[in-house]
Amino acid sequence: MDILTAINERVSCPRLQEPPPDAAQLEQLLKAAVRAPDHGLLRPWRFITVAGEDRQRFGQMVVDACIAGQPDLNEAQCEKLRLAPLRAPMVLVVVAEIQVEHKVSEIDQIMACAAAVQNLLLTAHAIGVGAMWRTGAPALSNELKVALGFSPKDEIVGFIYLGTPCGSPRVPSMDDPAPYVRQLPHV
Ligand SMILES: Cc1cc2nc3c(=O)[nH]c(=O)nc-3n(C[C@H](O)[C@H](O)[C@H](O)COP(=O)(O)O)c2cc1C
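What comes next is a walk through the structure. (Residues numbered from 1 in each chain as written. Predicted model: local features only at pLDDT ≥ 70, side-chain atom pairs only at ≥ 80, totals over all residues. Heavy atoms only, no water.)

1. Let's talk about the side chain of Lys-145
By the element assignment, Lys-145 lies in helix H6 (residues 142-147). For Lys-145, a relative accessible area of 3% gives the class buried. Each residue touching Lys-145, except ones within four places of it in the same chain, is listed here: Ala-139, Phe-150, Ser-151, Pro-152, Asp-154, Glu-155 and Ile-156. (Helix = DSSP H or I, 4+ residues; strand = E, 2+ residues; numbered from the N terminus. Buried < 20%, exposed > 50% of the residue type's maximum accessible area, 1.4 Å probe, protein only. Contact = heavy atoms within 4.5 Å.)

Here you go:
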């Protein structure tokens, strides 16, 4: 598939079923991710693959981390968080491991990781893997970062849900860029 077709056709797949990407597909996805532009070649991206029964363990880690930061979470909210990783056969956690006080800014390091995710999403579409980028409150949880082996300075860039798309793909909306284009202001 050519790049423009992938860009124009890609859609988030909220409903994903078995099987997860196989080893060769996962390698293709990760190779595409690490081809992203990367200021200073810092390689800030880290990837944790969560599949099979690990998804339950991961769901509990998310609940424990979120409760630590927000003790008033009720049981229904906890259950939703616990079950979230089971919505896809695989979840790829993407973390920006930040080099602090580096001449390359933290935001540049995070943006490189976001570019890596977009490369991964486009490649997923091109090879027939369904994908959805999710974040939400767990992505901001310092406790979850620590539980995953990182530290609070690092940033969870996304939980990328991966699997086989269910049903017919949504037709992406072809947005007109014109309303977002501005003129350079005159002083
Ligand atoms: C940084 C980022 C975080 C996102 N987090 C969520 C999320 O937590 N939940 C969700 O339903 N979608 C999430 N999305 C996916 C967007 O909702 C989705 O891209 C948008 O609806 C446009 O749909 P499309 O990807 O099919 O074009 C996220 C997208 C980005 C870029």
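2. Remarks on the site of the ligand
If you check the shell around the ligand, you find Arg-10, Val-11, Ser-12, Met-132, Trp-133, Arg-134, Thr-135, Gly-136 and Arg-170 and nothing else. Between the ligand and the protein, one listed contact pairs an oxygen atom with a side-chain N or O atom of Arg-10 at 2.9 Å. Between the ligand and Thr-135, the relevant distance is 3.0 Å, taken from an oxygen atom to a main-chain nitrogen or oxygen of the residue. In terms of residue class, the shell around the ligand is built from three nonpolar, three polar and three charged. (Near = heavy atom within 4 Å. Polar contact = N/O pair within 3.5 Å; in protein donor to acceptor, adjacent residues only side chain to side chain. Nonpolar A, V, L, I, M, F, W, Y, C, P; charged D, E, K, R; others polar.)

3. A look at the pairing of strand E4 (residues 130-134)
E4 sits mainly inside the fold: four of its five residues count as buried. Note: E4 against strand E5 (residues 155-165), five bridges, orientation antiparallel. Bridge pairing in E5 places Met-132 opposite Tyr-161. (Pairing = 2+ DSSP bridges.)

4. Remarks on the packing of helix H2 (residues 23-33) against helix H5 (residues 106-126)
Where H2 meets H5, the closest approach of the two axes is 7 Å, and the angle between their N-to-C directions is 140 degrees. As summarised for this structure, H2 and H5 are arranged oblique, according to the angle between their axes. Considering how the two elements wind past one another, H2 and H5 form a crossing that is right-handed. For the pair formed by H2 and H5, the contact residues are Gln-28, Leu-29, Ala-32 and Ala-33 on the first element and Ala-116, Asn-119, Leu-120, Thr-123 and Ala-124 on the second. Of the residues that constitute the contact of H2 with H5, the class distribution is six nonpolar, three polar and no charged. (Axes fitted to C-alpha atoms, helices over the stretch in contact; angles between N-to-C directions. Parallel < 35°, antiparallel > 145°, perpendicular 65-115°, else oblique. Left-handed = near helix turned anticlockwise from the far one by under 90°.)

5. Thoughts on a nonpolar patch on the surface
The grouping of Ile-3, Leu-4 and Ile-7 at the surface amounts to a nonpolar patch, some 300 Å² of accessible area in total. Examined against the element boundaries, Ile-7 turns out to sit in helix H1 (residues 3-9). Given a relative accessible area of 43%, Ile-7 falls into the partly exposed group. (Patch = residues over 30% accessible without salt bridge, like charges linked within 9 Å, V, L, I, M, F, W, Y side chains within 5 Å. Areas by Shrake-Rupley, 256 points an atom, 1.4 Å probe, with all protein chains shown as cover. Salt bridge = Lys/Arg side-chain N within 4 Å of Asp/Glu carboxyl O.)

6. A few points about the nonpolar core
Grouped together as the largest cluster of nonpolar side chains are 24 residues, with contacts concentrated most on Phe-58, Val-93, Leu-144, Leu-148, Ile-156, Phe-159 and Tyr-161. Mapped by element, the contributors of at least two residues to this core are helix H3 (54-69), helix H4 (75-83), strand E3 (90-96) and E5. Excluding its chain neighbours within four sequence positions, the residues that come into contact with Leu-148 are Ile-48, Phe-58, Met-61, Val-93 and Ile-156. Counting 22 residues, the second-largest nonpolar core is a separate cluster that includes Ala-96, Ala-131, Val-157 and Leu-162. (Core = buried A, V, L, I, M, F, W, Y, C linked by side-chain atoms within 4.5 Å.)

7. With respect to the pattern of salt bridges
A side chain of one charge can pair with a side chain of the opposite charge when the charged atoms of the two come close. Enumeration over the complete set of coordinates arrives at eight salt bridges. Between Arg-57 and Asp-54 there is a salt bridge, with its nearest N and O atoms 3.3 Å apart. Within this pair, Arg-57 and its partner Asp-54 are both found in helix H3, separated by three residues, close to a single helical turn. Accessibility expressed as a relative area gives 53% for Arg-57, which makes it exposed. Residues Glu-155 and Lys-145 are paired through a salt bridge, measuring 3.9 Å at the closest nitrogen-oxygen approach. On the criterion of sequence distance, the pair formed by Glu-155 in strand E5 and Lys-145 in helix H6 is long-range, its members being ten residues apart. Where salt bridges share partners, they join Glu-75, Glu-79 and Arg-82 into one cluster.

8. Re the packing of H3 against H4
Put simply, H3 and H4 touch, their axes get as near as 7 Å, and they point 140 degrees apart. Taken together, H3 and H4 sit at an angle that is classed as oblique. H4 is crossed by H3, and the crossing has right-handed handedness. Across from Gly-59, Gln-60, Val-62, Val-63, Cys-66 and Ile-67 in H3, the residues of H4 making contact are Cys-78, Leu-81 and Arg-82. Considered class by class, the residues forming the contact of H3 with H4 number six nonpolar, two polar and one charged.

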